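Examining the three-dimensional arrangement
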Amino acid sequence: MKEKRLYLRNEEEKFEGTAYARQVVRDIRFSTDARDFGYIAENIPCQDACPVYTNIPGYIRCIFENRNGRSYELNRMVNILPGVLGRICSRPCEARCRHGESDLGEPVKICHLKRAAADHKHAGHRISENLFAPSGKTVAVIGSGPSGLGAAHDLAALGHKVALYESMPRPGGMLMYGIPEFRLPRDLLMLEISNILRLGVDLHSGVAAGRDISLKDLLKKYDAVVLTTGTLSPNDLGIPGESLPGVLSGLDFMMRVNQGETPDVGERVAIIGDGFTAMDCARTCMRFGAREVTVNIRKTEEFMPVDEHEIFEAKFEKVKIIGLVNSVRILGKDRVEGIVFERNRLEFSRTGAGRDTVPIGNSEFEVPCDTVIAAIGQNPATDFNDVKFKLDGHRIFTKNGTHATSVKNLFAAGDCNTGASTVIASIAQGRGCAHEVDALFAGRKRKTMLVRFEPAEQTDRQRAWDFIPPVPMPAADRSERLADYRNEVEQGFTPEQALEESKRCYLCYLKYEINVDRCIYCFACIDVAPRDCIKMIHDVAIKPSGAYGDFMQTRDWTDVRAIAIDNKRCIRCGKCYEVCPTQCIHIIKTELIEQDLEA
Amino acid sequence: MPKNDHYVIIGNGPAGNAAADTLRASDKLARISIISDEMFTFYYRHRLPEFLTGALDADALTVRPYTVYKDNNVRMRLGQCVERIDPADKTLYLKHMEKVHYTKLLIATGGRAFTPPHLAPFRDSLCFMTRYTDALQLKPRIQDAQSILILGGDLISLNVQQQLLKAKKTVYFALNPDSFWPLKLTPEMAARIQKSLEKKGVASCVAGDIQDIACKKNGKLEVTLDSKCAFTVDLVGCFMGLTPNIEFILGSGIDTERGVLVDDRLRTNFPDVYACGDCAQIYNPALKDYWVSVGWHNAELQGRTAALNILGDTKVIKPLKQGVLEVEGLKVNTSWWKKF
Ligand SMILES: Cc1cc2nc3c(=O)[nH]c(=O)nc-3n(C[C@H](O)[C@H](O)[C@H](O)COP(=O)(O)OP(=O)(O)OC[C@H]3O[C@@H](n4cnc5c(N)ncnc54)[C@H](O)[C@@H]3O)c2cc1C
Ligand SMILES: Cc1cc2nc3c(=O)[nH]c(=O)nc-3n(C[C@H](O)[C@H](O)[C@H](O)COP(=O)(O)OP(=O)(O)OC[C@H]3O[C@@H](n4cnc5c(N)ncnc54)[C@H](O)[C@@H]3O)c2cc1C
Ligand code: SF4
Ligand code: SF4
């Protein structure tokens, strides 16, 4: 659909928030206007990219002000495990950080700063929770991974009695049994989990639904049941030789290691796969005495679903990544002796952006090895014997845009519903599901998202801070890493390093806006602007979604309706604010917040 | 009638220059631009070690003077770095915020010294040399230094070591046993190189990888190898092979692995974008592997071939007849490295 033109011209239109050139915010104000949500999505890109919409500039500013406890709480409001995510998050926010735009340098180390707030908050830090009155309703959550913990936390806070069933001895799901200890210390994980259990969540560990307790009984006993059972069924390679001793599944391997085993992997290990599991297996093998570890991927590093940083750390530990190969067969008589690969070439996929791999004829080659680890993805285990629900491929089917399965009062969230994803996406899923269950019990929504506006002052950010290079994360040296599987690799920022990194954030939640009524078109702001951030426009388009569209620029004086700041280009340097002779530039703190509807 | 073609070549090395010459020979009218982030005109990289020790002066490095480009009507843009390519829009974005449009693009950006990731923490203590400016900066430090440790992982390290010996420096050599470009060294081969180097005057040649580099108060560097050998030296030079200059291409949609992926006609996955020389990676059916060929000879040949294909030909890069190179008592089969 074409953009519906016109925003400035439509003077009759009612609107709630602030907006380009139309209304100046002089006090705190809330909005549910689609334009304002659209504004947030485009203008605070890091927050928009975060599945739980963390107020990133807000918490980074708190670190700058040495308010680490407040920073931690800003995280915890939406992300129940800040210390954990500060270590192992997949960081979709950093990929969209404005500081990483092509002429602006590198993204802010958002994730390292999250960890810094968790590490440096006061030893006696008190967490805060908004607790609703008890509802008398009961919910069973099956699986205590990030999605189960997210669901249990929000359900408990909303006043419902939660029983959390977990088949393994300890809670945490893949945080406890997948991710290696050298990336995530278990005492920290248990501390943050216990902050959730404290809300009155009853943990039943070592109890598997469908095996030790029937799902049918659970559905009878509780007002609702939420399945957050993850993806625990690894995919097979489907090639000859797969059943030879020495061929392992990556997920099983990591789960064994994280339960205290030290498997003998020999000297040479070939790992097949390109995700988190493959990289963790490779780095773990290095710690168990392997000398030559290769991660063999079908495409190239550019298409790996793990972030650059993960790749760097693996290479630092001397793991080799071999691109453009396909496994063909595994060799060996009584156990693995080698593996045959063939080379691939890349082709544009039919859908556009991605790539397909095409094997190159007569390109097979052999690599000797002692262990082969297949880490090529996993699927949910969905057989609960007595209750049958609809599936969507291998995943649990849920009704369009909801968490409701095909069985009444049975919900699903996290990887078992979406397929393998990430920790933060799973937390968002679990929390979203909790609110859906709550709405079912209450008969209405009790929480909602709002855009909050507050007039703000020019900050003390200096232009020189825009040129500070990213602060590198201090890390253990190689020998220390390899000495013990549990030695944490990343050491965390010192308070000084965190302060330095926090200075780099532009604070995109500040909105710079020109009040047209007072603008005298002197152009002083355009003269000092560091980029093409201030524009002469004749209108602002409105998108079909109701959000603001593009600025319609003009050079024809008779057509100029405003000089406006394009906050998508603005780096919040404040130069325009400082030079404006009529002080017609306003700064408005613009935040996306979660609000109790009954508060 | 003037044509509207604009052939843009990124890189002013042998590959880029061979391509420009070939393009101009066949197309007298088209606009041809070479963009290079170096300030120096086309020069012999293999002479840098001699320049470094003072055996040659800067003039001896130059392949051809600037006037040649004027005569050939090739626009040479020196000191300009390409920061991003938009192949859909056929536009290059230069670091100084200029946009350059092309009709055909040749990426010939070569390589630079590779730092193995596990040596990254010691980067500040290591010296590298792939460009004229590297050599220029290093020159006074070499003059002041008495003892130098070379981390030897490629043929260039041997060349540098030779020149340092000629300049009467005390040279130590740590041979990288895991990867010595372009060979995979067996313990016997490593032992032969070690013996040969020591015979020629290298103070000590051992096989091993860096474990630690500590900077001492007197400015000297104490280097410990994993074989527990330790050296105290003034400088440590790192020569562990070259890595293609492709960072600016990542995210553009042009496929890369170690280098820019091209077919045997040097075409990338985008029409009208080609790559050649030290930055290009090609599948080699004889080796059953993708290969980045490093060397002057290879760069020139690929530059010419790419240019012909840009002009509409369908020339295929064939594996060259292998030549034999003598390296410290070993025979190395190579077709791409030129013995000067
Ligand atoms: C090795 C590895 C490394 C990873 N690294 C990262 C990373 O660095 N960053 C990142 O963002 N993501 C990472 N991931 C992905 C991430 O861990 C998952 O996306 C996330 O944990 C999924 O959360 P979940 O709650 O849906 O499921 P899970 O975490 O899998 O939890 C499911 C839980 O349900 C339990 N369960 C299953 N069936 C039953 C049953 N019948 N009864 C009772 N309990 C049951 C399981 O024991 C498990 O504890 C990694 C995954 C793996 C395997
Ligand atoms: C010290 C040394 C000794 C050598 N000795 C020998 C030898 O004895 N025999 C032999 O055969 N080979 C030798 N070589 C290798 C040989 O020099 C190379 O193989 C050859 O120069 C490769 O040519 P090229 O045109 O592909 O790239 P290069 O010559 O590397 O030229 C690429 C150019 O592109 C520029 N560039 C890169 N990125 C950008 C960008 N984003 N924007 C603009 N410009 C960019 C670079 O600065 C560079 O000037 C040696 C190399 C070195 C460094
Ligand atoms: S600069 Fe700060 S607020 Fe802006 S996108 Fe990056 S982290 Fe977010
Ligand atoms: S604060 Fe003003 S001058 Fe600075 S980048 Fe934003 S709009 Fe431009």
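Keep in mind that what you see is a predicted model, and the values were worked out from it rather than measured.

**Overview of the interface of chain B and chain A**
Listed per partner, the contact involves 24 residues of chain B and 26 residues of chain A. When the two sides are added together, the surface that chain B and chain A hide from each other amounts to roughly 1,900 Å², 53% of it contributed by carbon and sulfur. Connecting chain B to chain A are three salt bridges. Across the pair Asp-289 of chain B and Arg-343 of chain A runs a salt bridge, and its minimum N-O distance is 3.1 Å. Between the two partners, chain B and chain A, sit nine residue pairs in polar contact (both at pLDDT 80 or more).

**Details of the environment of Val-292 of chain B**
Looking at the element boundaries, Val-292 of chain B is found in the loop between strand E20 (289-291) and helix H7 (296-310). On a C-alpha basis, the gap between Val-292 of chain B and Val-316 of chain B in space is 16 Å, while along the polypeptide they are 24 residues apart.

**Considering the packing of aromatic side chains**
A complete count under the given rule lists 19 aromatic pairs over all chains for this structure. Centroid distance Phe-64 of chain A to Trp-465 of chain A: 5.5 Å. Interplanar angle 55°. Geometry classified as tilted. Within this pair, whereas Phe-64 of chain A is found in helix H3 (residues 56-64), its partner Trp-465 of chain A is found in the loop between strand E20 (447-456) and helix H17 (478-483), the two being separated by 401 residues in sequence. An aromatic cluster of three or more residues is present, and its members are Phe-40, Tyr-43, Phe-51 and Tyr-132 of chain B. It is Lys-121 of chain A that lies over the ring of Tyr-72 of chain A; its NZ or CZ is 4.4 Å from the centre. It is Arg-84 of chain B that lies over the ring of Tyr-93 of chain B; its NZ or CZ is 4.0 Å from the centre.

**Overview of the site of ligand 4**
Taken together, the residues surrounding ligand 4 are Tyr-512, Ala-529, Pro-530, Cys-533, Ile-534, Ile-565, Cys-570, Ile-571, Arg-572, Cys-573, Gly-574 and Cys-576 of chain A. Residues that form the shell around ligand 4 fall into these classes: ten nonpolar, one polar and one charged.

**So, the sheet that holds strand E10 (residues 320-322) of chain A**
Residue and element names in this part refer to chain A. Reading across from one edge, E7-E15-E8-E9-E10 is the order of the five strands in this open sheet, with parallel pairing throughout. The strands lining the two open edges of the sheet, one partner per strand, are strand E7 (247-249) and E10. Looking at each pair of strands side by side, their axes are set apart by 25° on average, direction ignored. Here three bridges tie strand E9 (residues 292-296) to E10, and the two strands are oriented parallel to one another. Note on E10: the bridge partner recorded for Val-295 is Ile-321. Here helix H12 (residues 250-257) sits on the sheet and contacts E7 and strand E15 (371-374); the angle it forms with E7, its principal contact strand, is near 80°.

**Here's the deal with the site of ligand 1**
All names here are of chain A. Ile-88, Ser-147, Glu-166, Arg-183 and Asp-415 are the nearest of the 36 residues found near ligand 1. Within the side chain of Arg-183, one N or O atom sits 2.8 Å away from an oxygen atom of ligand 1. With respect to ligand 1, the backbone of Ser-421 contributes an N or O atom lying 3.1 Å from an oxygen atom. Notes on ligand 1: free accessible area 1,000 Å², of which the protein chains cover 96%. Broken down by secondary-structure element, the contributors of at least two residues to the shell around ligand 1 are helix H8 (146-157), strand E3 (161-166), helix H13 (276-287) and helix H16 (423-442). Ranked by residue count, the leading element in the shell around ligand 1 is H13, at three residues.

Cut-offs applied
Residues numbered from 1 in each chain as written. Chains lettered and ligands numbered in written order. Predicted model: local features only at pLDDT ≥ 70, side-chain atom pairs only at ≥ 80, totals over all residues. Heavy atoms only, no water. Contact = heavy atoms within 4.5 Å. Buried area = accessible area lost by both parts, 1.4 Å probe. Salt bridge = Lys/Arg side-chain N within 4 Å of Asp/Glu carboxyl O. Polar contact = N/O pair within 3.5 Å; in protein donor to acceptor, adjacent residues only side chain to side chain. Helix = DSSP H or I, 4+ residues; strand = E, 2+ residues; numbered from the N terminus. Phe/Tyr/Trp six-rings, centres within 6.5 Å; stacked < 30°, edge-to-face > 60°. Lys NZ or Arg CZ within 6 Å of the ring centre and 35° of its normal. Near = heavy atom within 4 Å. Nonpolar A, V, L, I, M, F, W, Y, C, P; charged D, E, K, R; others polar. Pairing = 2+ DSSP bridges. Axes fitted to C-alpha atoms, helices over the stretch in contact; angles between N-to-C directions. Areas by Shrake-Rupley, 256 points an atom, 1.4 Å probe, with all protein chains shown as cover.

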